[in-house]
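Reading the structure
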Amino acid sequence: MGKKLAHRIREAKEKARPELKGEEGWSRYNFSRTLHLWPHKYVDNVERIHERDFGPAQFIERFERPGHPVIISGIVDTWPAKERWTIQRLGKKYRNQRFKCGEDDEGYSVRMKMKYYMEYMESNKDDSPLYIFDSTFGDHAKKKRLLGDYQLPKYFTEDLFHLAGEKRRPPYRWVVIGPSRSGTGIHIDPLGTSAWNALISGHKRWAMFPPHTPKEKVQVQRTEGGYQTDEAVMWFQTVYPRTQSESWPADCKPIELIQGPGEVVYVPGGWWHVVLNLDTTVAVTQNFCSTTNFPVVYHKTVRGRPKFAKKWLSQLQIHRPDLAAIAGAVDLSQPSGLPSSSSSGSSSSSSSSSSSDSDSEDSGVGNPSTAKVKRKRKRASSGDSKSDSSDEDDHCCASPKRRGR
Ligand SMILES: O=C(O)CCC(=O)C(=O)O
Ligand SMILES: [Fe+2]
């Protein structure tokens, strides 16, 4: 390995995971040699549909309104990304562009040039490798060419945060590239939003749990995960076997699947999910607020990003008075109706939810380091930060979507 390459990788790793304390820490579990990521026998119990068989209205009634995960095929078939997003072509076209592959302790993005990341991706033996999860590609002269390589699936064209303006809105679209063993630890997507995740190449193993599943049950415990508690690869080693045992509550059984090339996963708001790359994957994912999930998303946005919510509401009053009226009727003294990674994870209909419970749903109350990170982010003028201040709890969750700016 070239000196410069080795240096760039070391630099990025130190920033992104200082707690691992150098090379040894990155491979102390030896997962690259000892783990068989592909399960010999695996459950695949998700519903699969083809986009030709469902119109948007039908999709809403069957999947979005009731909050049912589903895999959709057909969508990616017509995308230029199918040809253009091979590792080779991406490595060539975006060679000297820097993509976010982690975040430091102060909330700044850790970035690496594509050419270095590609070499790292091919050669690494890390337990849970660095993972490209970049939400700012649409803001850069060169990288924004990626936007022309895919279209919004017909079910997910509504995007109410758009009304608040590109500069102000929370991050919402990511290119996602990583080698086997990389992935995303268990989490719920931010602000009650739903998501779609389109896989261009490779295979992702998913487990999803319904919103009422207790957080303590699905998270890796500190004592069993060491420094890899938040990592997908550790989750499948520790928590997954428990989900298959007799004693796992029947109503919290996971939806499991292996997503293949060309498949789009729909993740309803409030669902826990964990994603492990079984081989090298290239994907794009977007989060959205639609008319259907608006009441919950609005509630969580007022809690998590109050200043932004105000500005958003003023635009809704102009462009969507129907939704502004719904916003006005949202009872903020009650829980939003869906959990967040930072809340207790117990059913929101539980009568034990006090108003202080719902306060902590998204606001990160009680986490002393949040304020520091917020200030840092506000100051960051790297063009990384797409939104104004975030009051959301960004610390207790493994999702780059929550961390990611
Ligand atoms: O593909 C991944 O690792 C990200 C999965 C995820 O959490 C998401 O798309 O919301
Ligand atoms: Fe997610």
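Predicted, not measured: the structure shown is a model, and the values here were computed from it.

Attention now moves to the sheet that holds strand β10 (residues 255-259). Taken together, the four strands give an open sheet; going across it, the order is β7-β12-β9-β10, and neighbouring strands pair in antiparallel fashion. Both edges of this open sheet fall to β7 (183-187) and β10, since each of them pairs with a single strand only. The average angle at which neighbouring strand axes cross in this sheet is 15 degrees, direction not considered. Where strand β9 (residues 204-209) meets strand β12 (residues 272-277), six bridges bridge the pair, whose relative direction is antiparallel. By the bridge assignment, Lys204 is partnered in β12 with Asn277.

We now examine helix α12 (residues 306-319). Residues lying three or four places apart along an α-helix face the same way, a consequence of the helix completing one turn every 3.6 residues. Helix length check: α12 (14 residues) gives 20 Å between terminal C-alpha atoms against 20 Å at 1.5 Å per residue, within 8%. Burial in α12 covers these residues: Phe308, Ala309, Trp312 and Leu316. Down the axis of α12, the sector holding all buried residues measures 95 degrees, keeping them to one side. Residues of α12 that are exposed and point over 90 degrees away from its buried face: Lys310, Ser314 and Ile318. Summarising the contacts, the buried residues of α12 are in contact with α11 (294-304) and α13 (321-329).

With that settled, the discussion passes to the sheet that holds strand β5 (residues 132-134). Spatially, seven strands are ordered β1-β2-β11-β8-β13-β6-β5 in an open sheet, and the strand pairing comes out mixed. Each having just a single partner strand, β1 (48-50) and β5 make up the two edges of the open sheet. The mean angle between the axes of side-by-side strands here comes to 20 degrees, regardless of whether they run parallel or antiparallel. In this structure, strand β8 (residues 194-201) lies alongside strand β11 (residues 264-267), joined through four bridges in antiparallel fashion. Opposite Trp196, over in β11, you have Tyr266 as the bridge partner.

Counting 85 residues, the largest nonpolar core has Tyr117, Ile132 and Ala198 as the members making the most contacts within it. A total of six residues in this core trace back to one element, the largest contributor, which is helix α7 (residues 114-123). Every residue in contact with Tyr117, bar those within four places of it in the chain, is listed here: Phe99, Cys101, Met112 and Ile132.

Before going further, it helps to spend a moment on unusual backbone geometry. You will see that Arg181, though not glycine, has its phi angle at about 80 degrees, which is positive. Structurally, Arg181 is set in the loop between β6 (173-178) and β7.

Next up on the list: the packing of α12 against α13. It is the contact of α12 with α13, at a shortest axis distance of 6 Å, that shows an interaxial angle of 135 degrees. On the basis of the axis angle, α12 is oblique to α13. Here Leu313, Leu316 and Gln317 of α12 come into contact with α13, specifically with Pro321, Leu323, Ala324 and Ala327. Residue composition of the contact of α12 with α13, grouped by class: six nonpolar, one polar and no charged.

Our focus in this paragraph is the site of ligand 1. Every one of the 14 residues lining ligand 1 counts as a neighbour, but Thr184, Ala195, Asn197, Val275 and Thr285 are closest to it. Elements supplying a minimum of two residues to the shell around ligand 1: β7, β8, β12 and β13 (281-288). A per-class count over the shell around ligand 1 returns five nonpolar, six polar and three charged.

Per-chain confidence: the chain averages 88 in pLDDT, with 85% of residues scoring 70 or above. Below pLDDT 50 for its whole length, residues 344-396 participates in 103 contacts with residues either more than four positions away or in separate chains.

Locating Ser290 in the fold gives a position in the loop between β13 and α11. Given 18 C-beta atoms within 10 Å, Ser290 falls into the partly exposed group. When the C-alpha positions of Ser290 and Thr157 are compared, they lie 8.5 Å apart, and in sequence the two are 133 residues distant. Beyond its immediate sequence surroundings of up to four residues, Ser290 is in contact with Glu158 and Leu160.

Listed in full, the buried residues belonging to helix α4 (residues 56-64) are Phe59, Phe63 and Glu64. Viewed end-on, α4 has its buried residues packed into an arc of 70 degrees, placing them on one side of the element. The exposed residues of α4 that point more than 90 degrees off its buried face are Ala57, Gln58 and Glu61. On its buried side, α4 packs onto β2 (70-73) and β11.

The subject of this paragraph is the pairing of β8. With six of its eight residues buried, β8 lies for the most part within the structure. Bridging between β8 and β13 involves seven bridges; their strand directions are antiparallel. Looking at β13, one finds that Asn197 is bridged to Thr285.

Rules behind the numbers
Residues numbered from 1 in each chain as written. Chains lettered and ligands numbered in written order. Predicted model: local features only at pLDDT ≥ 70, side-chain atom pairs only at ≥ 80, totals over all residues. Pairing = 2+ DSSP bridges. Helix = DSSP H or I, 4+ residues; strand = E, 2+ residues; numbered from the N terminus. Axes fitted to C-alpha atoms, helices over the stretch in contact; angles between N-to-C directions. Expected span 1.5 Å × (residues − 1). Buried ≥ 20, exposed ≤ 12 C-beta atoms within 10 Å, placed from the backbone. Arc of directions from axis to C-beta. Contact = placed C-beta atoms within 7 Å. Core = buried A, V, L, I, M, F, W, Y, C linked by C-beta atoms within 7 Å. Parallel < 35°, antiparallel > 145°, perpendicular 65-115°, else oblique. Nonpolar A, V, L, I, M, F, W, Y, C, P; charged D, E, K, R; others polar. Near = placed C-beta within 6 Å. pLDDT = per-residue confidence, 0-100.

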